[in-house]
Amino acid sequence: MKEKTMFTTPRFASESGLSRRSFLRVSATAAGGLMVSLYLDWRLPAETPPAKIYPPDAFVHIQRDGTIVIQVNRLEFGQGVQTSLPMLLADEMDADWKQVEAELAPAADVYKDPLFGIQMVGGSGSIAHSFQQYRELGARVRAMLLAAAAQQWQVPTSQCRTEASVVYGPGGRSARYAELADSAARLPVPENVPLKNAPQFKLIGKGTRRLDGRPKCDGSLKFGLDLDLPGMKVALVAHPPLFGASPKSVDDRAARSIPGVMDAFEIPTVKGGTAVVVVADKFWTAKQARDRLAIDWNFSGVEPADTAQLRAKYRDLARTPGSVALTRGDLSMLDTITAANRIDAEYEFPYLAHTPMEPLNTTVRFDGDRAEVWAGSQFQTVDQIAIAETLGLKPEQVIFHTEMAGGGFGRRATPDSHVQREAAATAKHCKGIPVKLIWTREDDVQGGYYRPMHAHRIEIGIGGDGMPVAWRHVIVGQSILAGTPFAAILVKNGVDETAVEGVVDTAYVIPNFSVSAHHPTVNVPVLWWRSVGHTHTAFVMETLVDELATRAGTDFIVYRQKLLKPDAKKLRGVIDLVDQKSSPWRNHLPEGHASGVAFHESFGTTVGCAVDVSIENKRPKIHRVTVALDCGTAVNPLTVESQFQAGVSFGVSQLMAKGAITFANGRAQQNNFDGYTPPYIIDAPVAVDVHIVPSTEKPSGCGEPSVPVISPAVVNALFQLTGKRYRSLPLLSL
Amino acid sequence: VQTYKLMVNGETREVTVDPGTPLLWVLREDLKMTGTKYGCGISACGACTVHLGGVATRSCVVPVSLIGDRPIVTIEAIGQDRVGRAVQDAWVAEDVVQCGYCQSGQIMSAVALLKSRQKPTDADIEESMGGNICRCGTYVRIRKAIKAASQQLA
């Protein structure tokens, strides 16, 4: 199966792939040097990465007391890799799970993603990419421990076996891993090691509670924002109200008069403007001081974004063909189909903020010839390079600690490292002093890097059998990847693949099909938001297919089964499973309730859900969700269940009445959770049952694929109740 | 600045701060108790929930000058309480947390709920937990854990 990731089809970037335009564009920004060096540094994924033997000592430490500390090569921010990656290693190592502890690894070459070639979390690839890597690491460590014991006992290794951190030999001999660790570490690292077959797994496939569960329940776990270093200062930034603007004048006298304020000065922003940073002893002091800055901003030459204007512009653009993403068959036949057999539909999606619960922050101490950084980063390699560049250092002079992060959803994976650059620029000014730079919630909600606003226009011609015969699809939205190093690989023929994913690769049979895209340039920074393009494409596809089923007078599950490509087995499997698990309740819904379904594949994982919805206080009340998914081997089924249960709640963000970032005169009109509101418990599904298709195939993503299916399923159910199709999000009063 | 005596988790603590400083930041920065989290600063997310005089309270909007002699209990000490311990244990057993950042506040709200209603209904849960955002969306397991803790305490 073709693997769908954030980087869609991994392959080497050719030198010519970096167009002159994008080269010049990135060079023109403050980030220019970084982008070029990054591009040259990246060995973006070949289909099969070269076999690499990772040094076990960088990943596993067996302590004298028996504790086994495993380094996790990625950020933990809720997705559970801090537990599931150690499970892979510990299983092959035959480690006693009770002795296993996990640590988030600092930035280093050895911790780079085996496929992406940088240290990162994204594209739901953590388990998929490190499945083999962590298992091999565990198997190598086990082989070395086994060899050490055999040597000590002067017996062949074939007479020794391992179980729960102990090597057993002939004659009742046994040795704990902790006793063997020193001699094992001196042995050569074996090249080829056998891996277990699925039936031999002791941890993989067994629901295992999170290693970070208890410390996240008693307040003891430290997130990046909780960091406290001797002499540390706190920095807050007064960002330009319009992206890219600069101050005409700054009066910081009132700010400086507050006791505890250390300094106030200007730093560059990555959007070409200038911000004012305040450094103080504590957060509250810094906030008081920032509020007292009197800044006269210069907005000349800065384009002010305006949602009403953008909506009109996008609607017009959607009525014209864009850059071709896919074309198949003959679309001219659409014009011969009468209005009665056509669906012409226009959709609109707003900007969405990620708003991870832990506000963005980074701590940097600059010591002249070196620096130390503490950050909850999805992009350690990128951020380390950016900080080094800002400080005039080499990346290896920047010690980069990965801090536990309170959510992220893509927001901590910024190709321009804008928060880290601000933190580094501030620390440079405060040499020798650790400075924690914090974005307040207001900074976060107003600070850009949103899921782009989109418009879709679709024309469908329906055949005599009720199935679509022709489908013309135009998508309008800013490119997430333009101007980043990813553009060279993932923007093709003027089409950003992340804008059309989920449409061009639909599993439904559409004989005459065209997909095109417009990517207008707007002065609003955009970014991937958990499940990226699928956030809007799945909504469009799954609501339209529902509409087609209704028109055909066919059950919405039966219609989809009929429309599905014969080879879409992985999706068919989840459709069947959702049908089986939900039909008992779908067929006995209380008065005033209705059900809806949606199915979608993203990041290699197929997902479907059925929802039980009624309307309460003019809002959808989601009483129940039945989810089925196929993610290949479910390494930790408890985490997989958790990701899908909670991920559908995250997906409800798109339906919230206050689930949009809008612009007037260049400024976001929302600035905190009162204006931009994620789901509260009342908005989230009351119950979610998750069903995993049994599989021993290689694992695929679980972080993002839950998100796309919930909102189309809910509005499909709402149609049953109100007779209305909902094509514009957010979902306003019903 | 002014000096205040606060009763935090059963101990008297003295802090010298600006009277307008929210309790949240006094806890986090002056008392170095970082279990209580900053999420929004406008009492819209509940990450900063503590018990003030026995009432679940958003510490981000309570200035230190208004606390007086009301006792403060935070996530660091809630496990010493029978209900608090049961809730934390249920949270761990149900594997509720994901990123975990909101969970101090969720747990403080849940403990307050179970102290006032031993057998909360779904509606009670929605009301008492209604101001706590979990951005990861762990609400289904939060409900389950509250019910499990309620049973365990019965």
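So, here's what we can say about the structure. Fair warning: this is a prediction, and the values are worked out from it, not measured in the lab.

1. Brief notes about the packing of aromatic side chains
All names here are of chain A. Counted by the stated rule, this structure contains 20 aromatic pairs over all chains. For the ring pair Y347 and F539, a centre distance of 6.1 Å and an interplane angle of 85° mean the geometry is edge-to-face. Of the two residues, Y347 sits in strand β13 (residues 342-349) while F539 sits in helix α14 (residues 534-552), which places them 192 residues apart along the sequence. The class of Y347 is buried, set by a relative accessible area of 1%.

2. Digging into the interface of chain B and chain A
Listed by partner, the interface residues are 53 residues for chain B and 63 residues for chain A. Where chain B abuts chain A, roughly 4,700 Å² becomes buried across the two surfaces, and 57% of that area is made up of carbon and sulfur atoms. Between chain B and chain A we count seven salt bridges in total. Inspection of the chain B/chain A interface yields 28 residue pairs in polar contact (both at pLDDT 80 or more). Of all the elements in the fold, those that place two or more residues in the side of chain B that touches chain A are α1 (23-30), α2 (82-93), α3 (103-116), α4 (122-128) and α5 (139-153) of chain B. A total of six residues in the side of chain B that touches chain A trace back to one element, the largest contributor, which is α2(B).

3. What to know about the sheet that holds strand β14 (residues 361-366) of chain A
Residue and element names in this part refer to chain A. Taken in spatial order, the seven strands line up as β9-β10-β7-β17-β14-β15-β16 in an open sheet, and their pairing is mixed. For this open sheet the edge positions go to β9 (261-268) and β16 (398-402), each flanked by a neighbour on one side alone. Taken over all neighbouring pairs, the strand axes of this sheet differ in orientation by 25° on average, direction set aside. Examined bridge by bridge, β9 and strand β10 (residues 274-280) share seven bridges and lie antiparallel to one another. Residue pairing for β10: D263 is matched across the bridge by V279. Where helix α9 (residues 380-391) meets the sheet, it contacts β14, β15 (371-375) and β16, and its direction lies at approximately 145° from that of β16. Of the strands in this sheet, β7 (233-238), β9, β10, β14, β15 and β17 (435-438) are in contact with helix α10 (residues 418-429), which crosses β14 at around 35°.

4. Observations regarding the sheet that holds β13(A)
Residue and element names in this part refer to chain A. A sheet is described by the order of its strands in space; here five strands give the open sequence β12-β22-β19-β18-β13, paired in mixed fashion. What marks the edges here is a single partner per strand, and that holds for β12 (323-328) and β13. Taking the axes of each pair of neighbouring strands and ignoring which way they run, one obtains an average angle of 10° across the sheet. In the sheet, strand β19 (residues 468-477) pairs with strand β22 (residues 512-518) via seven bridges, with the strands oriented parallel. Residue pairing across strands places A470 opposite N512, the latter belonging to β22. Sheet strands touched by α14: β13, β18 (454-462) and β19. Its angle to β13, the strand with the most contacts, is close to 150°.

5. Examining the environment of I475(A)
Residues and elements named next belong to chain A. Mapped onto the fold, I475 is located in strand β19. We classify I475 as buried; its relative accessible area is 1%. Ignoring any residue separated from it by four or fewer positions in sequence, one finds I475 in contact with H454, A455, H456, A499, V500, V503, V515, S516, A517, H518, H536 and T537.

6. Let's talk about the packing of α2(B) against α3(B)
Residue and element names in this part refer to chain B. The N-to-C vectors of α2 and α3 enclose an angle of 130°; their axes lie 9 Å apart at closest approach. When the axis of α2 is compared with that of α3, the two are oblique. Read as a crossing pair, α2 and α3 show a hand that is right-handed. Across the interface between the two elements, V83, G84, V87, Q88 and W91 of α2 pack against Q103, Q106, I107, A110, V111, L114 and K115 of α3. Looking at side-chain class alone, the contact of α2 with α3 contains seven nonpolar, four polar and one charged residues.

7. Digging into the pattern of salt bridges
With the rule as written, the count across this model stands at 57 salt bridges over all chains. For D30(B), the salt bridge goes to K282(A), with nearest N and O atoms at 2.6 Å. Highlighted residues: D30(B) in helix α1 and K282(A) in the loop between β10 and α7 (283-291), drawn from two different chains. For D30(B), a relative accessible area of 25% corresponds to the partly exposed category.

8. Focus on the environment of V715(A)
Residue and element names in this part refer to chain A. Turning to its location among the elements, V715 is positioned in helix α18 (residues 707-722). Separated by 104 residues in sequence, V715 and V611 place their C-alpha atoms 9.8 Å apart. Once you skip the residues sitting within four places of it in the chain, V715 turns out to touch F539, T543, L655, Y726 and L731.

9. Remarks on the pairing of strand β2 (residues 68-72) of chain A
Residue and element names in this part refer to chain A. Most of β2 is tucked away: five of the five residues are buried. On β2, burial covers both faces: I68, I70 and V72 on one face and V69 and Q71 on the other are all buried. Where strand β1 (residues 60-62) and β2 come together, three bridges link them in antiparallel fashion. By the bridge assignment, H61 is partnered in β2 with V69. Here β1 folds back onto β2, and the loop between the two strands holds five residues, one of which, G66, carries a positive phi near 95°. Where β2 lies against strand β3 (residues 100-104), five bridges are found, and the strand directions are parallel. Bridge assignment links Q71 to a residue of β3, and that residue is E103. Once you follow β2 into helix α3 (residues 81-93) and on to β3, the crossover reads as right-handed.

10. Remarks on the nonpolar core
F59(A), I62(A), M93(A), Y351(A) and W91(B) are the most contacted members of the largest nonpolar core, which has 154 residues in total. For this core, the element with the highest residue contribution is helix α4 (residues 126-153) of chain A, accounting for 12 residues. If near-sequence neighbours (up to four positions away) are discounted, I62(A) is found in contact with T67(A), I68(A), M93(A), V141(A), L145(A), Y177(A), A178(A) and A181(A). Core analysis: the next-biggest nonpolar cluster, separate from the first, contains 74 residues, I458(A), L564(A), V611(A) and C631(A) among them.

So, how was this worked out
- Residues numbered from 1 in each chain as written.
- Chains lettered and ligands numbered in written order.
- Predicted model: local features only at pLDDT ≥ 70, side-chain atom pairs only at ≥ 80, totals over all residues.
- Heavy atoms only, no water.
- Phe/Tyr/Trp six-rings, centres within 6.5 Å; stacked < 30°, edge-to-face > 60°.
- Helix = DSSP H or I, 4+ residues; strand = E, 2+ residues; numbered from the N terminus.
- Buried < 20%, exposed > 50% of the residue type's maximum accessible area, 1.4 Å probe, protein only.
- Contact = heavy atoms within 4.5 Å.
- Buried area = accessible area lost by both parts, 1.4 Å probe.
- Salt bridge = Lys/Arg side-chain N within 4 Å of Asp/Glu carboxyl O.
- Polar contact = N/O pair within 3.5 Å; in protein donor to acceptor, adjacent residues only side chain to side chain.
- Pairing = 2+ DSSP bridges.
- Axes fitted to C-alpha atoms, helices over the stretch in contact; angles between N-to-C directions.
- Parallel < 35°, antiparallel > 145°, perpendicular 65-115°, else oblique.
- Left-handed = near helix turned anticlockwise from the far one by under 90°.
- Nonpolar A, V, L, I, M, F, W, Y, C, P; charged D, E, K, R; others polar.
- Right-handed = clockwise from strand over helix to strand, strands pointing away.
- Core = buried A, V, L, I, M, F, W, Y, C linked by side-chain atoms within 4.5 Å.

Bear in mind that shape data such as this cannot, by itself, settle questions of function.
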